[in-house]
There are 2 protein chains.
Amino acid sequence: MNINKNFLELKDSYLFSRIAKKVRDFSAAHPETETIRLGIGDVTLPLVPAVTNAMSRAVSEMGERETFRGYGEEQGYAFLRLAVCGYYAEKGVTLEESEVFIGDGAKSDLGNILDIFSGSNTVMIPDPVYPVYVDTNVMAGRKIIYANGSVENGFLPMPDRRVKADIIYLCSPNNPTGAVYSREQLAEWVAYALENEAVILFDAAYEIFIRGNDLPSSIYQITGAEECAIEFCSLSKTAGFTGVRCGYTVVPHALKRGGAALNKLWLRRQTTKFNGVSYIVQRGAEAVFSEEGLGQIKSGIDYYLENARVITETLNKLGIWFTGGENAPYVWMKCGAPSWDYFDSLLEKTGVVGTPGAGFGANGEGFFRLSAFGKREDVMEAMRRMMLM
Amino acid sequence: MNINKNFLELKDSYLFSRIAKKVRDFSAAHPETETIRLGIGDVTLPLVPAVTNAMSRAVSEMGERETFRGYGEEQGYAFLRLAVCGYYAEKGVTLEESEVFIGDGAKSDLGNILDIFSGSNTVMIPDPVYPVYVDTNVMAGRKIIYANGSVENGFLPMPDRRVKADIIYLCSPNNPTGAVYSREQLAEWVAYALENEAVILFDAAYEIFIRGNDLPSSIYQITGAEECAIEFCSLSKTAGFTGVRCGYTVVPHALKRGGAALNKLWLRRQTTKFNGVSYIVQRGAEAVFSEEGLGQIKSGIDYYLENARVITETLNKLGIWFTGGENAPYVWMKCGAPSWDYFDSLLEKTGVVGTPGAGFGANGEGFFRLSAFGKREDVMEAMRRMMLM
């Protein structure tokens, strides 16, 4: 019996537990100061009525013999896959229903997709980055190289033709930096992937925040992407589904590697190791894509974007360099000190809690992430305190 | 770029699509005969009121800002893990809350657990078997050996000390055979696993059907199992959750291999590649384990067990050898012909649809699975027709 020894190579992440401890200690020492948490990546607005109504109806159906549903197709109900196709059509992207796979969120699918690739592939991951891109590949023993984000490239690293990668992670709008790739920039990545026969794993979890019409909200808006990219999306941030759990993954039929259609491999993976998303949740997700649902979620996104605007307005007044905050719920600010020192100082002086950039990779050192997912009054109070700091 | 070439070794399963085609053809040729499907492994009774009420309340909570919940812990809410601990306590098994992991069903966890083991391990799988045990290991390129079920051992294969395995799958009550291991038999497997430092993956998805007090409904009722077994269970058959999606996996803290606690490895796997089960679903699952819920689901299990009794009564009258049907929702009958020939003949003569045993492995040839998950009137009509056949 051998365990998977790659697990022993994983670094323990103490990022959020370390933050929690520091906040606890601060609150104990300063009971008079109300802390304001702008560190979380979780949503705070409730589900919209279109979604709760649809889920309530589905719960009722499941309680009646005539309308009860057992196993659904592992890749999701057709009604939801068609709704996703409709959502893409609005972006000018034509998908077949069988190119869409319903899953329980982008995190699961981003991890599980690796099953279909060999452990011998080299993986290219931006730095700073959502930590699970790294950890899921360490678990599989893959070689990892990094694409460096920096002030110079606005934390939007571009391909380096001297370097060869097989699997490339891109996330736009980006977590943690809030930076968004332009069409031209994504087209360069697509060209690089096609040249190298690489596959791009495109994390579009924050696509709903894109309001600039010229910015791509799907990699399939770039010609050729259907031959080199898999796209992952989630309703977590789109419609407050972080606790409801539903996402979707697009694997185009045109995407082939080693003579195999990746769509077929992923279908086989999912039918073998997954049993579909809750019917109740799928009905809620379907409602997100209805006219009523899209209208209702828009005001929630507007709310978070206005929070982001309040943050960036303050940073501009303070003359602090940042990315994000437009077309994204995150603001990534230069903090003029090591990330953790700034964290301590901000907490001590203002009671505001953010996320040290160093927690997202080596290139995050010296930067700090503020999230727009809080309540308006908290964001405004936090900014007032930062102005006085 | 290399794909995972092990996927190319997977055999396509045409079992259920082949059955569906044959039924379609039969119905087209014999529109006057109503077919009766005793082939499905899916439940037909709706969710009980305790569950739908709890889920309706949870949906309402998610629609209000004050009670909305975002991300939960990946391993499940404490309220549900504690409810599972309570359920095990009734079986005389003491678990810590941190030994219980909530997942979206046994199929997912049984597949994903393999992430924590090396690809170099030898896997022992009973034959006949739930096909995904085989496929998930083929995907990872593991060597597979089989433990042979037969009429002689009542389709309850026992360990062979001349053979060494690292990972052992056991399922009791068994799918597809309905056979149930005794305490003494499971104790032999536990002893074998401990001797070989193997890990037993114990699939307890049908434990709720066990009504004989002397039969083990958890492997942890066997001394020493906490040092060699992981148990998987699901609410799919327990409470009709096949379309709701919730299960749980128990990894005892005492289970260590290669110097590592498997509980810690699985926790790391789940926190990295999974984001928890829907809050709404977890509230429904919690209600299953309430006094009200357990009372309500009991009558559903009684119903299915009575269906099974009707089937076995008929087979006894017909003098047909079988396993299962007691403490299990499946009846595994000897069909006196190749499985598919019997399938054709049964369909042709009676319109009854079952599942050819050959679909579950080489040792299933010559056998046939009947399921008790149908409606009582259908089961009775099917048995009436088989008596006349």
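Owing to the predicted nature of the structure, the values given are computational and were not obtained by experimental measurement. Along each chain, the written sequence defines residue order, and numbers are assigned to residues from 1. Note on labels: chains are lettered from A, ligands numbered from 1, in written order. Residues qualify for local features only when their pLDDT is at least 70, as the model is predicted, and side-chain atom pairs are given and counted only at 80 or more; totals for whole chains, interfaces and linings, by contrast, use all residues.

1. Remarks on the overall build of chain A
- Helix and strand counts for chain A come out as 12 helices and 15 strands.
- As defined in this context, the radius of gyration uses C-alpha atoms, and a globule is described by 2.2 Å times the residue total to the power 0.38. Its C-alpha radius of gyration of 21 Å places chain A within 12% of the 21 Å reference for a compact globule of 389 residues.
- C-alpha atoms of chain A, sized along the principal axes, occupy 60 × 55 × 50 Å. Working definition: helices are DSSP H or I runs of at least four residues, strands are E runs of at least two. Numbering for both runs from the N terminus.

2. Points about the domain arrangement of chain A
Residue and element names in this part refer to chain A.
- All domain edges in this entry derive from an automatic or database-based domain assignment. Each domain of chain A was delimited in the assignment, giving domain 1 (13-42 + 293-388) and domain 2 (50-289).
- The straight-line distance from the C-alpha centre of domain 1 to that of domain 2 is 27 Å.
- This entry defines residue contacts through backbone-placed C-beta atoms, with two residues in contact when those atoms are within 7 Å. Counting residues at the interface gives 27 residues for domain 1 and 34 residues for domain 2.
- Contributing elements (two or more residues each) for the side of domain 1 that touches domain 2: α10 (291-318), β11 (322-324) and β12 (330-334).

3. A look at the pairing of strand β3 (residues 122-127) of chain A
Residue and element names in this part refer to chain A.
- Exposure in this text rests on C-beta crowding, where 20 or more other C-beta atoms within 10 Å of a residue's own make it buried, 12 or fewer make it exposed, and counts in between make it partly exposed. The C-beta atoms are placed from the backbone. Across the 6 residues of β3, 5 count as buried, placing the element largely inside the fold.
- Strand pairing is assigned whenever DSSP detects at least two bridges linking the two strands. For β3 and strand β4 (residues 143-148), the ladder comprises 6 bridges, and the chain directions are parallel. The residue bridging threonine 122 from the neighbouring strand is lysine 143, located in β4.
- Assignment of crossover handedness uses the view with strands pointing away from the viewer, where a clockwise path from the first strand over the helix to the second indicates a right-handed crossover. In this fold, β3 hands off to helix α5 (residues 131-139), which returns the chain to β4; that crossover is right-handed.
- As defined by bridge partners, β3 adjoins strand β5 (residues 167-171) across 2 bridges and the pair is classed as parallel. Opposite valine 123, over in β5, you have isoleucine 167 as the bridge partner.

4. Notes on the relation of the copies chain B and chain A
- When the copies are superposed, the least-squares fit draws on C-alpha atoms of residues that have pLDDT of at least 70 in both. Expressed as a screw transformation, the operator carrying chain B onto chain A has a rotation angle of 180 degrees and an axial translation of 0.0 Å, and the superposed copies differ by an RMSD of 0.0 Å. Accordingly, the operation relating the two chain copies is best matched by a two-fold axis. Taking C-alpha positions as the reference, the residue of chain B nearest the rotation axis is B:Ser56, at 3.0 Å.
- By residue overlap, the copies meet face to face through one surface: 100% of the interface positions of chain B are interface positions in chain A.

5. Here's the deal with the nonpolar core
- Note on terminology: a nonpolar core is any set of buried Ala, Val, Leu, Ile, Met, Phe, Trp, Tyr and Cys residues joined through C-beta atoms within 7 Å. A:Ile200 and B:Ile200 are the most contacted members of the largest nonpolar core, which has 247 residues in total.
- Beyond its immediate sequence surroundings of up to four residues, B:Ile200 is in contact with B:Ile168, B:Leu170, B:Trp189, B:Ala193, B:Ile219, B:Cys228 and B:Ala229.

6. A closer look at the sheet that holds β5(A)
Residue and element names in this part refer to chain A.
- Strand order in the open sheet formed by 7 strands is β2-β8-β7-β6-β5-β3-β4, and the pairing between neighbours is mixed. Strand pairing shows two members of the sheet lacking a second neighbour, β2 (100-103) and β4, which therefore form its edges. Sheet twist, expressed as the mean angle between neighbouring strand axes with direction ignored, is 20 degrees.
- When β5 meets strand β6 (residues 199-203), the two strands line up parallel, connected through 5 bridges. Along β6, the bridge assignment pairs isoleucine 168 with isoleucine 200.
- Seen against the sheet, α5 touches β3, β4 and β5 and runs at an angle of roughly 155 degrees to β3. For every element, the axis is a line fit to its C-alpha atoms; helices are fit only across the contacting stretch, and the angle between N-to-C directions ranges from 0 to 180 degrees.

7. Concerning the interface of chain B and chain A
- Opposite the 66 residues of chain B that make contact, chain A presents 66 residues.
- Residue assignment for the side of chain B that touches chain A shows that the elements contributing at least two residues are α2 (49-62), α4 (106-112), α5 (131-139), α8 (262-273) and α9 (279-288) of chain B.
- When residues in the side of chain B that touches chain A are grouped by element, the largest group, 7 residues, is from α2(B).
- Classifying every residue of the side of chain B that touches chain A by side-chain character gives 28 nonpolar, 23 polar and 15 charged. Here the term charged refers only to Asp, Glu, Lys and Arg, the term nonpolar to Ala, Val, Leu, Ile, Met, Phe, Trp, Tyr, Cys and Pro, and the term polar to all other amino acids, Gly among them.

8. Structural notes on the packing of helix α3 (residues 78-90) of chain B against α9(B)
Residue and element names in this part refer to chain B.
- The N-to-C vectors of α3 and α9 enclose an angle of 25 degrees; their axes lie 9 Å apart at closest approach. Considering their axes alone, α3 and α9 lie roughly parallel with respect to each other. In the crossing of α3 with α9, the sense of the turn from one axis to the other is left-handed. Residue-level contacts link Phe79, Leu80 and Ala83 of α3 to Gln282, Ala285 and Glu286 of α9. Note that the term roughly parallel is reserved for angles under 35 degrees, roughly antiparallel for angles over 145, roughly perpendicular for angles of 65 to 115, and oblique for everything else. Take the far helix as the reference: if the near one is turned anticlockwise from it by less than a right angle, the crossing is left-handed, and if turned clockwise, right-handed.

9. Digging into the sheet that holds strand β11 (residues 322-324) of chain B
- If you trace the 4 strands from one edge of the open sheet to the other, you get β11-β12-β15-β14 (chain B), paired in antiparallel fashion. Of all the strands in the sheet, the pair left with one neighbour each is β11 and β14 (355-356) of chain B.

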